Each structure stands twice: as C-alpha cells, then as structure tokens.
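Each chain, letter by letter, is given below.
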Amino acid sequence: MTPGKLLDSTNIAPGTRLKADACIVGSGAGGAAVAHELTKAGMSVVVLEEGRSFAETDLVTKPSWAFRHLYQGRGIQVGRGNIVLPMAAGRAVGGSTFVNSAICFRTPDHVLDEWVKDHGSPWTKERMAPLFGEIETALDVAKTPPELARKNSLTFKRGADKLGLDGDFISRNAPGCVGCGVCQLGCPTGGKGSVDKNLLPRAISRGAMVLSETHAHTILVDKGVARGVVANVLSRDEEAPMHEVTVEAERVFLCSGAFGTPQLLQRNKLCNGSGQVGQNLHVHPGQATGAIFDEEIRYWDGVTQGYFVHMDGAILETFTGTPELYIAGLPLGQMNLGKLKHLATVGCMIRDSGHGSITWQGEGKLPSITYDTNDADRKKFVLGARMNARIWFAAGAKGVWPLMSTGTSMVTSEAEAIAALPDDLPKERLVLYGSHPQSTCKFGPDKATSVCKPTGETHEVEKLYIADGSIFPNAVGVNPQISIMSLATGIARDVAKHG
Ligand SMILES: Cc1cc2nc3c(=O)[nH]c(=O)nc-3n(C[C@H](O)[C@H](O)[C@H](O)COP(=O)(O)OP(=O)(O)OC[C@H]3O[C@@H](n4cnc5c(N)ncnc54)[C@H](O)[C@@H]3O)c2cc1C
C-alpha cells in the first residue's frame, strides 16, 4: 500500500480535488480513530484539520504561546449563562489530545447501561470492553508509576490513604513521559501518546491523506446523501483563507469535536429537525483546591495529573500548572514566589447535569456559547471541595484554599474548611473551568429528539456520520478521550463492514 501524506498550507496546491472512500473533518480523538479504523479496512481516507501539525521542537512551553497556537478561540472561549465558565479545546493535528493530560478512563459501566436504557444505545458494556482494550493497546496506556507521579500526587495519595478513600494512580497514554508537567502546552519531549503519535501516523502509513491548516466549511449533499466537503486552506500566520480544496467522498465523518461539529452543521443548515444541534453542551466543569505544606512539594515536578479519588458523580484529580497560573490563582497577599514550592493542588471534576449550547456566528467569528449550572452540580462542588480539603489536611497541610482562584481565605483546619463551604454556598463563588465539551449532537433512536442515530449516521443526511465527543447523549462523567476513540472505532468498524 502506498503511504499517504501529512500536508500543510505550504504544499496544498490551489484548486486541489481529491477523491476518497471517506472524508473526515477533524483529526482529534474521534477523527484519528475513524481514520485508523477505516484505513485498516482498506478504505481511502482524507482528513481535513484546521489546526497545524507541530513537532516537539516547534513548541514554546508558555501558556501565552500555547493558547495562541494550540487552542480553539485562542484559549479564551467562555460559556455565559448563570455563571461564567471558561472552556478549552485543542486545535492542532491531534485535536485536543495534543494538549490533554493523557488521563485514560474507560466509560463507567453504569453510564453505558444508562445510555442503553434511556438513549437506545447499542454500545453495551460487553460490546465496548474489547474496543477499550484495543485503543488502550494502540495508545500504550499504563498506570502512572509513583516515581513519575512525584510529590503533588504522592502527597494527595498519602491523605487519601489515611482516610481509606477509593483512589489510585491515574492510567495515562504517555509511554515516554518524563514528568515535566506541561502536557497542556503540548508535550515538549514527544513522550505523550496523543493521536498524532499513534493512530494518525498508522493511518497515513496505510494511505490516509491528512490536510492540516484546512478549515472545512461546506458539506456537499446531493439528494439527501453526503458526497464530500469543501474547505479553505488557511495561511499560516494570519489564518486567512487562501484557496479551496474539495474532497469528493462516498461518506463524510464529522469529527470536529463538540464545538466544531455543531457549528459545521449549523452553517450548512443540516440535520437540525430536532432543534438539538448545538444544544445539550456538557463540559465536566472543574474547580481547584490548593494547599500549603511545610515540606517542599514542587508541584511542577511530576506528571500533570497523577492520582485520583473517586466520588459519587465527581472525580478528584491532582494537577500541576505553570507558576504564572498559580500566581494568578491565589491571593498574592498570602502567597509569594518562595512559597510556591510548598504548594499542592487538586481539582474536583463533576459529571454535569447543568448544560449549555453553542451557536455558529459567521465565518471567522467566535461562536456564542452559553452554560447554566444547577443546584445539583453546585452541591457536588461543595462536597468535592470539602473532601479535597479533608484529604490535604489528612496529608499534613498547614493551610488550604478550599476554592482556589476565588480569593477565599486560607483555612487551617477541616472545621474551618467546612465553615467556608456551607451547604448553601452561592454558585457565584465557584470558579469553574471546562475542557471536555460533549453532547452537542447527541445520538438517540428518535429523530425528533436527537441529531444522529446511535450508529453515528445523522438522522437526516445519509452517509453523513458523526464520531466525536458531540454524540454522547449526556456527560460521560470521566475524562472522555478513551470513550470517544473507542466509540468512534466501533462506528467506523460498522461502516467498513456494512458500507
Ligand atoms: C486542556 C485539556 C486537557 C484535557 N485532558 C484530558 C485528559 O487528560 N484525558 C481525557 O480523556 N480527556 C482530556 N481532555 C479532553 C479530550 O482531549 C477531548 O474530549 C477529546 O480529544 C475530544 O475529541 P473530539 O474528537 O471530540 O475532538 P478534538 O480532539 O477536540 O478534535 C477536534 C478537531 O477538529 C478540528 N476542527 C474543528 N472544526 C473544524 C473544521 N471546520 N475544519 C477542520 N477541522 C476542524 C479542531 O481543530 C480539532 O483539532 C482534555 C481537553 C483539554 C482541552
């Protein structure tokens, strides 16, 4: 088989026309898994990706550079509703996996059961288990060894163990990780197994053409059947359209993520008979708790996210960040640079029932994003922050900021933490962040209430499939990349088998 190519704006000729069995829009978790699976079945594939392809040597490990080059909306997308919620998604060859923390969880059984029962899902736990296994093998997923987790995670584990909590080291797709803690700025050592390092190159070796810096804008549909995609090739620095490329394809897979896929459908006025395109946005909001110890923690040293504790409807996960994020996130009057090395941090991420929407606003404009939290979710954050404070004190913390970033004062005991986190804590006191957009084109058996069938094919356009985080019927409840890749693999395998 002739290998394919990874092209960029400098080597895609004006007026390029390609033909393929499948055109895939987006090269992230879903798109890479579809390309990998379809090329395994011998199909020809073109992947269109609006972000750039980055080598380790291209990366600058500074948030300002990373937000500008590696994130959608330059890292400043915000959901506005009854709270203000910053939201992140990647924009690069590899999609959000290029900037993610490499956390790997399988979809919990109870969520798969719920989707079968309430959303007509054929993706039972028995059917998903081998798909999870295949993806984990393809991505070299392994549990974080303690020596790479290092002090921030090990200190949290010490507290969790003292309290006898249900926790463990996090499994990650980072076979060459050295624990430098900057995954979210792009992996500078190449040690992370984002999909640009595994699924995509394997697809290219089997003939896939990946066109980066190429923004898909029109889905070609003829008599109710998808026939291809037209895209703009973008100039590198201005990201301005230079010329067009057309892909004629037997089928089209939208894998542009829960922000990109609904916008593409909206601008093409497709598949919205249910009114659900762009609705139902879930993001797994998270809130941080900081702690200070007499001992040195050196939180920046070690894997970005190394240890978790499970709670009902929430997960507590340790995390690191660069110093500027911490300085911005803590009251400077109580903190100074010399103390940074004594700081420890953990987040509480929830399976949100609060939700929002995304709406395309026109070519070159940022989308309008809404998000409303609700009381059930607010309570989960209160319980999560109390638990985080409890764990840090059990580990020997001298002080805890129960809600980092809100200017809450430091507390010095669990009782003070609970007093600072009353049952009726106003939602406005939470400072949330969401980086797992999902569910904006949800699947379901009924075209009156869902955008696509559980097979991924849209209800309204034949041979137009969706295979990314947007098809989940609601929040999956765990870091979603393994769920997305496994489901996308299952969808693509069925298409390859049945046409
Ligand atoms: C900072 C951060 C940390 C995270 N950490 C973790 C983690 O540790 N573990 C985990 O499981 N999950 C994590 N996630 C989430 C996870 O990476 C995503 O849920 C997952 O990658 C989403 O897959 P997707 O296929 O839906 O979309 P994406 O992976 O986001 O890929 C979509 C791609 O489509 C492209 N695109 C969009 N519109 C167009 C268009 N019109 N034309 C061409 N291309 C287009 C985008 O540029 C993007 O590259 C994290 C996410 C972020 C942002």
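So, how was this worked out
- Residues numbered from 1 in each chain as written.
- Predicted model: local features only at pLDDT ≥ 70, side-chain atom pairs only at ≥ 80, totals over all residues.
- Helix = DSSP H or I, 4+ residues; strand = E, 2+ residues; numbered from the N terminus.
- Buried ≥ 20, exposed ≤ 12 C-beta atoms within 10 Å, placed from the backbone.
- Contact = placed C-beta atoms within 7 Å.
- Axes fitted to C-alpha atoms, helices over the stretch in contact; angles between N-to-C directions.
- Parallel < 35°, antiparallel > 145°, perpendicular 65-115°, else oblique.
- Nonpolar A, V, L, I, M, F, W, Y, C, P; charged D, E, K, R; others polar.
- Near = placed C-beta within 6 Å.
- Core = buried A, V, L, I, M, F, W, Y, C linked by C-beta atoms within 7 Å.
- Pairing = 2+ DSSP bridges.

Colleague: I keep staring at the overall build of the protein chain and nothing clicks. Help me out?
Modeller: Within the protein chain, the secondary structure is distributed over 11 helices and 20 strands. With the C-alpha coordinates aligned to their principal axes, the bounding extent of the protein chain is approximately 65 × 45 × 40 Å. A total of 499 residues make up the protein chain; the buried ones form 56% of that total. Within the protein chain, residue pairs in contact and separated by at least 24 positions form 75% of the contacts whose partners lie at least 6 positions apart.

Colleague: What is the right way to look at the packing of helix 5 (residues 146–162) against helix 9 (residues 375–394) in this model?
Modeller: Helix-helix packing: each pair is described by the crossing angle between the helix axes and the interaxial distance. Where helix 5 meets helix 9, the axes come as close as 7 Å, and the angle between the chain directions of the two elements is 95°. One way to sum up the angle between helix 5 and helix 9 is to call them roughly perpendicular. Where helix 5 abuts helix 9, its residues F156, G159, A160 and K162 lie against I391, W392 and A394. Residues of the contact of helix 5 with helix 9, tallied by class, amount to 5 nonpolar, 1 polar and 1 charged.

Colleague: What exactly am I supposed to notice about the site of the ligand here?
Modeller: The environment of the ligand is made up of 41 residues, and the closest members are G26, G28, G95, G257 and G260. Here the shell around the ligand takes 4 residues from helix 7 (residues 257–267), the largest share from any one element. For the shell around the ligand, the class distribution of residues is 15 nonpolar, 22 polar and 4 charged.

Colleague: Is there a simple way to think about the nonpolar core in this case?
Modeller: The tendency in soluble globular proteins is for nonpolar side chains to be buried as a group. Judged by nonpolar contacts, the single largest core of 152 residues is most densely connected at C23, A35 and V45. Residues in contact with V45, not counting those within four places in the same chain, are A20, D21, A22, I24, A35, L38, T39, A203 and A208.

Colleague: What's the story with the sheet that holds strand 14 (residues 307–311) in this structure? I'm lost.
Modeller: Hydrogen bonding along the main chain pairs the strands of a sheet, whether they run parallel or antiparallel. Read from one edge to the other, the open sheet built from 6 strands follows the order 7-14-15-16-13-19, with strand pairing classed as antiparallel. Among the strands making up the open sheet, the edge pair consists of strand 7 (167–169) and strand 19 (399–401). The average undirected angle you get between the axes of adjacent strands in this sheet is 20°. The sheet contact formed by strand 15 (residues 314–318) and strand 16 (residues 343–350) spans 5 bridges and is antiparallel. The partner of A314 across the bridge, within strand 16, is I350. In this fold helix 9 packs onto strand 13 (286–292), strand 14, strand 15, strand 16 and strand 19, with an angle of close to 150° to the strand it touches most, strand 16.

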